[in-house]
Amino acid sequence: MKIFHKLLIIGTLFLLCISGKAQRFTPRDTWPFLYENFSDGVIFSQNGNELLSAKFNVSVLNQKLYYLKGETIMEADMVRLYAAKIKAGLEEDIYVNVGAKMYRVLAESDGGAALQADILDVERYNKASIGYGVTSYTASTQNVSGLAMESAAGVNINQAQASKEGGESLPILEKKYILYGQGRIVPALKREVMDVPGLDKDAAKEFFKQNKIKWNNGTSLTQVADFLTNNLKHE
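Scope of this entry: the structure provided in the associated data block. Bear in mind that the values here come from a model prediction, so they are computed numbers and not experimental data.

### A few points about unusual backbone geometry
Glycine aside, negative phi is the norm for most residues, and most peptide bonds take the trans geometry. We note that Ala100 has phi near 65 degrees; this positive angle belongs to a residue other than glycine. Note that Ala100 resides in the loop between strand 6 (91-98) and strand 7 (101-109). According to the relative accessible area criterion, Ala100 is partly exposed, its value standing at 28%. A positive phi is found at Lys212, a non-glycine position, where the angle reads about 50 degrees. Using a relative accessible area of 63% as the deciding quantity, one classes Lys212 as exposed.

### Observations concerning the packing of helix 5 (residues 201-210) against helix 6 (residues 218-231)
It is the contact of helix 5 with helix 6, at a shortest axis distance of 11 Å, that shows an interaxial angle of 155 degrees. In terms of axis orientation, helix 5 runs roughly antiparallel to helix 6. Of the two possible hands of crossing, helix 5 and helix 6 adopt the one that is right-handed. Each of Ala203, Ala204, Phe207 and Phe208 in helix 5 lies in contact with helix 6, whose residues at this interface are Gln223, Val224 and Phe227. For the contact of helix 5 with helix 6, the per-class residue count stands at six nonpolar, one polar and no charged.

### A short note on the sheet that holds strand 3 (residues 65-69)
The strand order 4-3-2-1-5-6-7-8-9-10 describes an open sheet built from ten strands, whose pairing is antiparallel. Whereas interior strands pair on both sides, the edge strands pair on one side only; in this sheet they are strand 4 (72-75) and strand 10 (184-187). Each neighbouring strand pair of the sheet contributes to a mean axis angle of 40 degrees, computed without reference to strand direction. With three bridges connecting them, strand 2 (residues 50-58) and strand 3 associate as antiparallel partners. Within strand 3, the residue paired with Phe56 across the bridge is Tyr67. Each of strand 7, strand 8 (112-120), strand 9 (172-180) and strand 10 touches helix 6; the most contacted strand, strand 9, lies at about 35 degrees to it.

### Details of the nonpolar core
Counting 21 residues, the largest nonpolar core has Val58, Leu65, Leu81, Tyr95 and Met102 as the members making the most contacts within it. If you list the elements that add at least two residues to this core, you get strand 2, strand 3 and strand 5 (83-88). Beyond its immediate sequence surroundings of up to four residues, Leu81 is in contact with Ile43, Phe44, Leu51, Leu65, Ala76, Asn97 and Met102. Counting 19 residues, the second-largest nonpolar core is a separate cluster that includes Met194, Phe208, Ile213 and Leu228.

### What to know about the packing of aromatic side chains
Inspection of the entire model under this criterion finds ten aromatic pairs. A ring pair is formed by Trp31 and Phe33, whose centres lie 5.2 Å apart and whose planes are at 65 degrees; its orientation type is edge-to-face. Considering the side-chain rings of Trp31 and Phe38, the 6.0 Å spacing of their centres and the 80 degrees angle between planes classify their relative orientation as edge-to-face. Of the residues examined, Phe38 reaches a relative accessible area of 7% and is grouped as buried. By the ring-pair criterion, three or more aromatic residues cluster together here, those being Trp31, Phe33, Phe38 and Tyr66. Lying across the ring of Trp31, Lys164 places its NZ or CZ 4.5 Å from the centre.

### Points about the pattern of salt bridges
Tallied over the entire structure, the rule returns three salt bridges. A salt bridge links Asp40 to Lys55, with the shortest nitrogen-to-oxygen separation between them at 2.8 Å. Of this pair, Asp40 sits in strand 1 (residues 39-44) while Lys55 is found in strand 2, placing the two residues 15 residues apart along the sequence. When its relative accessible area of 43% is taken as the criterion, Asp40 is described as partly exposed.

What counts, and where the lines are drawn
Residues numbered from 1 in each chain as written. Predicted model: local features only at pLDDT ≥ 70, side-chain atom pairs only at ≥ 80, totals over all residues. Heavy atoms only, no water. Helix = DSSP H or I, 4+ residues; strand = E, 2+ residues; numbered from the N terminus. Buried < 20%, exposed > 50% of the residue type's maximum accessible area, 1.4 Å probe, protein only. Axes fitted to C-alpha atoms, helices over the stretch in contact; angles between N-to-C directions. Parallel < 35°, antiparallel > 145°, perpendicular 65-115°, else oblique. Left-handed = near helix turned anticlockwise from the far one by under 90°. Contact = heavy atoms within 4.5 Å. Nonpolar A, V, L, I, M, F, W, Y, C, P; charged D, E, K, R; others polar. Pairing = 2+ DSSP bridges. Core = buried A, V, L, I, M, F, W, Y, C linked by side-chain atoms within 4.5 Å. Phe/Tyr/Trp six-rings, centres within 6.5 Å; stacked < 30°, edge-to-face > 60°. Lys NZ or Arg CZ within 6 Å of the ring centre and 35° of its normal. Salt bridge = Lys/Arg side-chain N within 4 Å of Asp/Glu carboxyl O.

Right, here's the structure in full:
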């Protein structure tokens, strides 16, 4: 089961552009997005139909996708949205929607994919100085930097960009996941995978050992995705 099989067969060969190598922008408390600017992109439904072509960005606070409608930041329809591609420098990033959250695709296979969530590191954030978080969760909704609250919907892009440079850098946590079966997801950690319901633990241990699984490597994680998809008792 190719994650993007339906998109591929209609000629949308954007998986060839998966990057993950481009230098990443550091989100700020006044600009809690993965990209320095809203970038050209396209979103697709599950059957491969193009839903919208616009300028997009992904929030590090709630993993939701946002786009520009005129000068207003809007939240994408996370119910209809299945996948998205967003221009990242000279390449494109590919995202898949799982549980109304956007995950960047690192690698994919017949049985699933290796994903990454780039999110606010709440523990490090909470340890920061009082000044560091003034414009973040505690920001007034009347303030332009209220953009850094959970939802950016309805904020004027010009006001948001005007406040961007004055913010403080946000600590970002990169968490990897394995997508397998019919849209199931599990953190890319051996202990988490071993707790997947229906898993033959002895067979899994032998598989991990024989294939020398590297839990931080996208291609290696797709091997785990294939194993889970093909061997779970209750799939």
